[in-house]
Amino acid sequence: MPDTAAPTGTLAQQRNADRELNAARLLRASAKHSFDPLTEVDWAAPVDPDHYALPAHRVTLYGTPLWDRLDERQRAQLSVHQLASTTAAGIWFELVLMEGLVRHVYANDLTTGHAQYALTEVADECRHSTMFARYIAATGYPSARPTRRAERLGRLHMFLNDTTMTFAGAIFVEEFTDAMQREMIRDESLQPLARSVARIHVVEEARHIGYAKPELERRWARMTPARRALFRHALAHLARQSVAEIVHPRVYSLAGLDPAEARRAAAANPHWKQARVDWSRKAVDFFSDLGIITPATTRRWQRASLLP
Ligand SMILES: [Fe+2]
Ligand SMILES: [Fe+2]
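The present account deals with the structure reproduced in this document. Predicted model, so just to flag it, every value in this text is computed and none were measured.

**With respect to the overall build of the chain**
Working step 1: For the chain, the count of helices and strands is 13 helices and zero strands.
Working step 2: Traced from its N-terminal end to its C-terminal end, the chain shows the element sequence α-α-α-α-α-α-α-α-α-α-α-α-α.
Working step 3: For 308 residues, the compact-globule estimate of 2.2 N^0.38 gives 19 Å, and the C-alpha radius of gyration of the chain, at 20 Å, lies within 12% of that figure.
Working step 4: Taking the principal axes of the C-alpha coordinates as reference, the chain spans close to 65 × 45 × 30 Å.
Working step 5: Across the 308 residues that make up the chain, the buried fraction comes to 53%.
Working step 6: Put simply, 82% of the contacts in the chain that link residues at least 6 apart link residues at least 24 apart.
Working step 7: On the chain, roughly 14200 Å² of surface is accessible, and the fraction owed to carbon and sulfur atoms is 57%.

Below, the structure is given as C-alpha cells:
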C-alpha cells in the first residue's frame, strides 16, 4: 500500500521538514543512548525468590481473598509470573510493530531521516524482544508465546496493513508499558533483574513514542470523517485486546490457583482496575486531545478498565 501520509504542496513541504527535523533529533539520541542488553544486563546474577517483580498493589489479585490464601513467597512468585506474562505480550506486540515499521520503510524513501529512524526503531525492538525473552527464561516462566487469540489479532493486523493503526497501537502499548516500568524503576525493593530490563526499555521507548505521536497527528489530520469513526472503534478494540493479553491464565495455575476463579477475582478487583487506568492515562489523554477517544467510544474504553 502506498504511503498515504505523503502529502503535496507548501503545507506538505513544511510537514515533511518537521518530520525530518524530528527524525534527525531521534537519530542523534539513538546514537548516544542505545544499549546492548546482552552485555548491559547481569544475566548471571541469582534471582531471589522473595523479591517481587512488580509492586504488590499492581498484582491482579492484590487485596482479594485469593491473595490472602497465598504466603509471601507465593505472592512474590505470582508478581514475577505476571511480569513474565506481560513481557511475553510485549514480545508479541513488538513483533507486530516491527513488521509494520518494515512495511512503512518499504513504502518510503530510505534516504530520508524519517525512514532511517523507522529502521533504527526496528533495531531497538529486535534487542528488546531478545532481552524480554531472556528475562522470561531467567524467571522460569514456561513460554514467550502469545495466546491464540492474540496471534490471530496480530495476523489480522499484518493482513490489513494499516500503518496509522500501527502507530496508534504503538503509542497505546508503549505509554502503558512506560508507566508500569517507571513504577518498577522507582521501587528499589523490586527484583534487580526486572528493574535493569525496565531501565533499558524506558530510555529507548521514549524515542519511539516521540516518533509515533507526531506521525499519528499528521495522519489523523488527513483522515476522512468516515474513516475516523471506524478508526476510533478499531483502536478501542486493539487496546482492550492488548491489555487482556498481559495476564495469561497460566500465571494462576502456576500459583496453584484455579485460573477461572482467579480471573473472576482479578476482573472484579478495584486495585487491578486502578492499575490499568493509571498505566493507560497518558495514552488516553493523548487520544482524547486528538479526538480519537470521544463520547462515541468512551464506554468501550471504560468497559476495558482503561478509563475510570
Ligand atoms: Fe520495545
Ligand atoms: Fe517501542
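**Observations regarding the nonpolar core**
Working step 1: Within the largest apolar cluster, 86 residues are counted, with the highest numbers of intra-cluster contacts made by L61, L78, Y135, F172, Y252, F287 and W301.
Working step 2: With 15 residues, the single largest contributor to this core is helix α4 (residues 72-106).
Working step 3: Excluding anything up to four places from it in sequence, L78 contacts V59, L61, W67, L70, V251, Y252 and A255.

**Examining empty space enclosed by the protein**
Working step 1: Counting across every chain of the model gives four cavities of 30 Å³ or more.
Working step 2: Estimated volume of the largest cavity: approximately 350 Å³.
Working step 3: In terms of lining, the largest cavity is formed by 29 residues, of which the most central are T86, A89, G90, V173 and T177.
Working step 4: Top element by residues in the lining of the largest cavity is α4. It accounts for nine residues.

**A word on the packing of helix α8 (residues 192-221) against helix α9 (residues 225-244)**
Working step 1: Packing of α8 against α9 leaves a shortest axis separation of 10 Å and a crossing angle of 140 degrees. Between α8 and α9, the crossing angle belongs to the class labelled oblique. Judged by residue contacts, L216, W220 and A221 of α8 engage R228, F231 and R232 from α9.
Working step 2: By residue class, the composition of the contact of α8 with α9 is four nonpolar, no polar and two charged.

**Things to note about unusual backbone geometry**
Working step 1: At N161, a position not held by glycine, the phi torsion is positive, near 55 degrees.
Working step 2: Take N161: its relative accessible area is 17%, and that puts it in the buried class.

**Thoughts on the coordination of the iron ion (ligand 2)**
Working step 1: For the iron ion (ligand 2), the full set of protein donor atoms is E125 (OE), E174 (OE), E205 (OE), E205 (OE) and H208 (ND1), and the range of their distances to it is 1.9 to 2.5 Å.
Working step 2: For the iron ion (ligand 2), the single-chain donor residues occur in sequence as E-x48-E-x30-E-x2-H.
Working step 3: Here the iron ion (ligand 1) and the iron ion (ligand 2) are spaced 3.6 Å from one another, each receiving a donor from E125. Of the two residues, E125 is situated in helix α5 (residues 113-139) and H208 in helix α8; the sequence distance between them amounts to 83 residues. You'll find E125 and H208 in the same group, each marked buried.

Cut-off values and rules
- For every chain, the first residue of its written sequence is number 1, and the numbers climb from 1 along that sequence.
- Labels follow written order: the first chain is A, the first ligand is 1, and so on.
- Local features are withheld for residues below a pLDDT of 70 in this predicted model, meaning they are given only at 70 or higher, and side-chain atom pairs are given and counted only at 80 or more; totals for whole chains, interfaces and linings count all residues.
- To get the side-chain values, take all heavy atoms of the structure and skip hydrogens and water.
- Strands are runs of DSSP state E lasting at least two residues, helices are runs of H or I lasting at least four, and both sets are numbered from the N terminus onward.
- What the globule rule says is 2.2 Å times the number of residues to the power 0.38, and the radius of gyration is computed from C-alpha atoms.
- Here the term buried applies to any residue with accessible area under 20% of the maximum for its type, exposed to any over 50%, and partly exposed to those in between, with areas from a 1.4 Å probe on protein chains only.
- Residue contacts follow a heavy-atom distance rule, with two residues in contact if any of their heavy atoms lie within 4.5 Å.
- Exposure was quantified through the Shrake-Rupley algorithm and a 1.4 Å probe, taking into account, for residues, occlusion by the shown protein chains and nothing else.
- Within this scheme, the nonpolar core is defined by two criteria: the residues are buried Ala, Val, Leu, Ile, Met, Phe, Trp, Tyr or Cys, and they are joined through side-chain atoms within 4.5 Å.
- Definitions used for this entry: grid spacing 1 Å over protein atoms alone; cavity, a set of points where a 1.4 Å probe fits but cannot get out; pocket, an open set with protein on both sides within 12 Å along at least 5 of 7 lines; lining residue, one with an atom within 4 Å of a point.
- Grid points are joined across faces, edges and corners, and a volume is the space filled by probe spheres set on the points.
- The axes are straight lines fitted to the C-alpha atoms, using for helices just the contacting stretch, and the angles between their N-to-C directions are given from 0 to 180°.
- When describing relative orientation, an angle under 35 degrees is termed roughly parallel and one over 145 degrees roughly antiparallel, while 65 to 115 degrees is termed roughly perpendicular and anything else oblique.
- For this classification, Asp, Glu, Lys and Arg are treated as charged, while Ala, Val, Leu, Ile, Met, Phe, Trp, Tyr, Cys and Pro are nonpolar and the rest, including Gly, are polar.
- Coordinating donors are taken to be N, O and S atoms lying within 2.8 Å of the metal, or within 3.2 Å when the metal is Na, K or Ca; because water is excluded from the atom set, some sites may appear incomplete.

So far we have only geometry, and geometry alone does not tell us how the molecule works.
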